[in-house]
Amino acid sequence: MDKIINNQCSTTLRDIPSSIFISTYGNYLKNSGQVQVPSWVDLIKSGSHKMFSPSNPDWIFFRLASLVRKIYINGGQGVGSLRKIYGGKKKKRIKAG
């Protein structure tokens, strides 16, 4: 990331690859103490369509970093458009009977 930032031209969030920004900013959020994580965060899933909770214990920081990036790049998004990006289809199962 130092190579990207040390360029003479101005660097915006659009110029940085998403994986580098999300991991760096997620670690910053985790270490800065600016985000208060609820005590029940390890019990929830990241969506109703998921079967298990995320395996990374710090997943919420990386999700927040991803949200920040999406909102910065795409402008004022509503809940509906973010739901399309981060949501998924719940599988409809046939009841045995």
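Residues numbered from 1 in each chain as written. Predicted model: local features only at pLDDT ≥ 70, side-chain atom pairs only at ≥ 80, totals over all residues. Heavy atoms only, no water.

A. Structural detail: helix H2 (residues 18-32). The terminal C-alpha atoms of H2, which comprises 15 residues, lie 21 Å apart, in line with the 21 Å expected from a rise of 1.5 Å per residue. Every buried residue of H2 is accounted for by Phe21, Ile22, Gly26 and Leu29. The arc that holds every buried residue of H2, seen down its axis, measures 120°, which confines them to one face. Residues of H2 that are exposed and angled more than 90 degrees away from the buried face: Ser19 and Asn31. Packing partners of the buried residues in H2 comprise helix H3 (59-74). Following H2 by one or two positions, glycine 33 has its phi on the positive side, about 80°. (Helix = DSSP H or I, 4+ residues; strand = E, 2+ residues; numbered from the N terminus. Expected span 1.5 Å × (residues − 1). Buried < 20%, exposed > 50% of the residue type's maximum accessible area, 1.4 Å probe, protein only. Arc of directions from axis to C-beta. Contact = heavy atoms within 4.5 Å.)

B. Representation of the packing of H3 against helix H4 (residues 79-86) within the structure. In the contact formed by H3 and H4, the axes pass within 12 Å of each other and the chain directions differ by 125°. With respect to their mutual orientation, H3 and H4 come out oblique. For H3 against H4, the interelement crossing comes out right-handed. Between H3 and H4, the contacting residues are Arg63, Ser66, Leu67 and Lys70 on the first element and Leu82, Ile85 and Tyr86 on the second. For the contact of H3 with H4, the residue count by class is four nonpolar, one polar and two charged. (Axes fitted to C-alpha atoms, helices over the stretch in contact; angles between N-to-C directions. Parallel < 35°, antiparallel > 145°, perpendicular 65-115°, else oblique. Left-handed = near helix turned anticlockwise from the far one by under 90°. Nonpolar A, V, L, I, M, F, W, Y, C, P; charged D, E, K, R; others polar.)

C. The arrangement of the packing of H2 against H3 in detail. It is at 8 Å that the axes of H2 and H3 come closest, and there the two elements cross at 125°. Looking at the two axes, H2 sits oblique to H3. H2 and H3 meet at a crossing whose hand is right-handed. Contact with H2, carried on its side by Ser18, Phe21, Ile22, Ser23, Tyr25, Gly26, Asn27, Leu29 and Lys30, involves Phe61, Phe62, Leu64, Ala65, Ser66, Val68 and Arg69 of H3 and no other residues of that element. Taken together, the residues of the contact of H2 with H3 sort by class into nine nonpolar, five polar and two charged.

D. Quick look at the pattern of salt bridges. Enumeration over the complete set of coordinates arrives at one salt bridge. Where aspartate 58 meets lysine 30, a salt bridge forms, and the shortest distance between an N and an O atom there is 3.0 Å. In this pair, aspartate 58 sits in the loop between H2 and H3 while lysine 30 sits in helix H2, placing the two residues 28 residues apart along the sequence. (Salt bridge = Lys/Arg side-chain N within 4 Å of Asp/Glu carboxyl O.)

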